[in-house]
Amino acid sequence: MPNTAKAKKHWYDYLWIVTPIYLGLGFFNILFAWIGLVFFFLPLILSACGFGKIYCNLYCDRGRFLDLLGKKLHISMNRKTPKWVSSPVFRYGFLIFFLIMFIQMLFNTYLVFSSAKTLSETVKLFWTFNVPWNWAYNGSAAPWVAQFAFGFYSIMLTSTLIGVIFTVLFKPRSWCVFCPMGTMTQLICRIRAPKGEK
Amino acid sequence: MQSKRYASVGARCVACGCCLKVCPMGAIDLKYGVKANIDVQKCVGCGRCANECPAGVIEILQRGEK
């Protein structure tokens, strides 16, 4: 049916608020970073259960947040995203890199758990820069729990910042082109789709 | 009467669903979540989807063109 009337607002149109709330909570107490696991597993579960890319299409808070920055706050230069960004080599390459970094973060958590390493109260931005974040942890949880939170928050903050940079330089949702979660859910959809639709 | 132009989705579509939200004709669906499909019969070739697509994989073609 043609979408001629002004689109009715749905509850998921307000999901953009989740991104600043999540990052804000992690600024004050790093343990809130654990909530981020929902954003990691929910898209995969929904795709595996046959809901396609409904998470990216409707429920992704980051996508909606970047849309808001680009379209409502007009911070986007709205330029065409370079072709290499949508190339399979870059998308799958970034996914592999992202997963390797994720495994490294899990390994770091294990090292702290086994007392082979001490807790690092820092957030690692862009997988390179260690930013002190010690005010966000008061020792209320086991060190490995906090280490995981610092690691996971680093990933979430870094990927949000990359998303914002791409929003500014290109189109508002150009992050979605190579978002590792989007690539993974599309892979699941490809596996599930009938032969002619892959 | 059919419009002279229509949208066509390239193979690099990431199925983000951005095009879906802006199509005034509701001509786009994301069946199976693999790629956006455009119903060329419904499409009026307005180009909103192409302008919205963050991957830049939607082209506006003249009917009769491949």
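Residues numbered from 1 in each chain as written. Chains lettered and ligands numbered in written order. Predicted model: local features only at pLDDT ≥ 70, side-chain atom pairs only at ≥ 80, totals over all residues. Heavy atoms only, no water.

J.: Go over the packing of aromatic side chains with me, naming the residues and quoting the values.
T.: All names here are of chain A. Inspection of the entire model under this criterion finds 31 aromatic pairs over all chains. Centroid distance Tyr 137 to Phe 150: 6.4 Å. Interplanar angle 80°. Geometry classified as edge-to-face. Within this pair, whereas Tyr 137 is found in the loop between β2 (129-132) and α6 (143-169), its partner Phe 150 is found in helix α6, the two being separated by 13 residues in sequence. Look at Tyr 137 and you get buried, because its relative accessible area is 12%. A connected cluster of aromatic rings, assembled from ring pairs, spans Trp 84, Phe 90, Phe 94, Phe 97, Trp 127, Phe 166, Phe 170, Trp 175 and Phe 178. The residue whose ring lies beneath Lys 9 is Tyr 14, and the NZ or CZ to ring-centre distance is 5.5 Å. (Phe/Tyr/Trp six-rings, centres within 6.5 Å; stacked < 30°, edge-to-face > 60°. Helix = DSSP H or I, 4+ residues; strand = E, 2+ residues; numbered from the N terminus. Buried < 20%, exposed > 50% of the residue type's maximum accessible area, 1.4 Å probe, protein only. Lys NZ or Arg CZ within 6 Å of the ring centre and 35° of its normal.)

J.: Go over the side chain of Asn57(A), please, and point to the residues and values.
T.: Within the fold, Asn57(A) resides in helix α3 (residues 54-59). Apart from the residues within four sequence positions on either side, Asn57(A) is in contact with Arg64(A), Ala15(B), Cys16(B), Gly17(B), Lys21(B) and Leu30(B). (Contact = heavy atoms within 4.5 Å.)

J.: Quick one: what's the story with the interface of chain B and chain A, residue by residue and with numbers?
T.: Taken together, the contact pairs 25 residues of chain B with 30 residues of chain A. Where chain B abuts chain A, roughly 2,100 Å² becomes buried across the two surfaces, and 49% of that area is made up of carbon and sulfur atoms. Counting every contact that joins chain B to chain A gives one salt bridge. For Glu52(B), the salt bridge goes to Lys71(A), with nearest N and O atoms at 2.2 Å. Summed over the shared surface of chain B and chain A, the result is ten residue pairs in polar contact (both at pLDDT 80 or more). (Buried area = accessible area lost by both parts, 1.4 Å probe. Salt bridge = Lys/Arg side-chain N within 4 Å of Asp/Glu carboxyl O. Polar contact = N/O pair within 3.5 Å; in protein donor to acceptor, adjacent residues only side chain to side chain.)

J.: So what's going on with the nonpolar core? Residues and values would help.
T.: In terms of nonpolar packing, the biggest core is built from 66 residues, with Tyr22(A), Ile30(A), Trp133(A), Phe150(A), Phe152(A), Tyr153(A) and Ile58(B) touching the most fellow members. Among the elements that take part in this core, α6(A) stands out by supplying eleven residues, more than any other. (Core = buried A, V, L, I, M, F, W, Y, C linked by side-chain atoms within 4.5 Å.)

J.: Now, about the confidence of the model for chain B: what can you tell me, with residues and values included?
T.: Averaged over all residues, the pLDDT of chain B equals 92, while 95% of them reach at least 70. Mean pLDDT values for the elements of chain B range from 93 in helix α1 (residues 18-22) of chain B up to 96 in helix α2 (residues 48-52) of chain B. (pLDDT = per-residue confidence, 0-100.)

J.: Now, about the packing of helix α5 (residues 88-113) of chain A against α6(A): what can you tell me, with residues and values included?
T.: Residue and element names in this part refer to chain A. Taken N-terminus to C-terminus, the directions of α5 and α6 make an angle of 160°; their axes are 8 Å apart at the nearest point. Relative to α6, the element α5 is oriented roughly antiparallel. Crossing of α5 against α6: the hand is right-handed. Along its contact with α5, which presents Phe 98, Phe 102, Met 105, Leu 106, Asn 108, Thr 109, Val 112 and Phe 113, the element α6 presents Pro 143, Trp 144, Gln 147, Phe 148, Gly 151, Phe 152 and Ile 155. When grouped by side-chain class, the residues that make up the contact of α5 with α6 number eleven nonpolar, four polar and no charged. (Axes fitted to C-alpha atoms, helices over the stretch in contact; angles between N-to-C directions. Parallel < 35°, antiparallel > 145°, perpendicular 65-115°, else oblique. Left-handed = near helix turned anticlockwise from the far one by under 90°. Nonpolar A, V, L, I, M, F, W, Y, C, P; charged D, E, K, R; others polar.)

J.: Can you explain the packing of helix α2 (residues 37-48) of chain A against helix α8 (residues 180-192) of chain A? Please cite residues and give values.
T.: Residues and elements named next belong to chain A. Contact pair α2 / α8: the axes reach a minimum separation of 9 Å and the direction vectors enclose 15°. By the angle between their axes, α2 is roughly parallel relative to α8. Crossing of α2 against α8: the hand is right-handed. Each of Phe 39, Phe 40, Pro 43, Leu 44, Ser 47 and Ala 48 in α2 lies in contact with α8, whose residues at this interface are Met 181, Met 184, Thr 185, Ile 188, Cys 189 and Arg 192.

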